[in-house]
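So you can see what is in the structure, the chains are spelled out below.
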Amino acid sequence: MESECLAYRKYPEPNGTEYFEYDLKTDQQIIELFDYCQILEAVINKNGWIYLINKFGFEKMFELNNKSGWMNCESLSEYKFDIKNEINRA
């Protein structure tokens, strides 16, 4: 999966930004990506979600989501439900 694009941001134009495993290794990188997703500049594909869940786990992802303020979830179970919906849409 190392060379597979896991997420995409439409900026900078004209080609945008592709995210790979090496772009998504730190908390700050994930928060930044979530921030871009929140303002509809970026999307995470199915394999991107699978990578993030396997690397960070749902609890850490929920924590990073709350720091970003992307998904408005009050509990970990609600967050898991929303992530599963995101995966199904990707």
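Preceding this section is the structure that the text describes.
1. Concerning the nonpolar core
Stage number 1. Core analysis: the largest hydrophobic core is formed by 26 residues, its most contacted members being Leu-24, Leu-33, Phe-34, Ile-44, Trp-49, Leu-52 and Tyr-79.
Stage number 2. Counting residues per element, the ones that place at least two in this core are helix H1 (27-38), strand S3 (42-44), helix H2 (46-68) and helix H3 (76-89).
Stage number 3. Looking at this core, the element that brings in the most residues is H2, giving 8 residues.
Stage number 4. Not counting residues within four places of it along the chain, the set of residues in contact with Tyr-79 comprises Phe-34, Trp-49, Phe-58, Met-61, Phe-62, Asn-65, Met-71 and Cys-73.

2. Things to note about the sheet that holds strand S2 (residues 17-19)
Stage number 1. Ordered in space as S2-S1-S3, the 3 strands form an open sheet in which the pairing is antiparallel. One side of each edge strand has no neighbouring strand; the edge strands of this open sheet are S2 and S3. Ignoring which end each strand starts from, the neighbouring axes of this sheet average 15° apart.
Stage number 2. Where strand S1 (residues 7-9) lies against S3, 3 bridges are found, and the strand directions are antiparallel. Following the sheet pairing, Tyr-8 is matched in S3 by Val-43.

Conventions and cut-offs
Residues numbered from 1 in each chain as written. Predicted model: local features only at pLDDT ≥ 70, side-chain atom pairs only at ≥ 80, totals over all residues. Heavy atoms only, no water. Core = buried A, V, L, I, M, F, W, Y, C linked by side-chain atoms within 4.5 Å. Buried < 20%, exposed > 50% of the residue type's maximum accessible area, 1.4 Å probe, protein only. Helix = DSSP H or I, 4+ residues; strand = E, 2+ residues; numbered from the N terminus. Contact = heavy atoms within 4.5 Å. Pairing = 2+ DSSP bridges. Axes fitted to C-alpha atoms, helices over the stretch in contact; angles between N-to-C directions.

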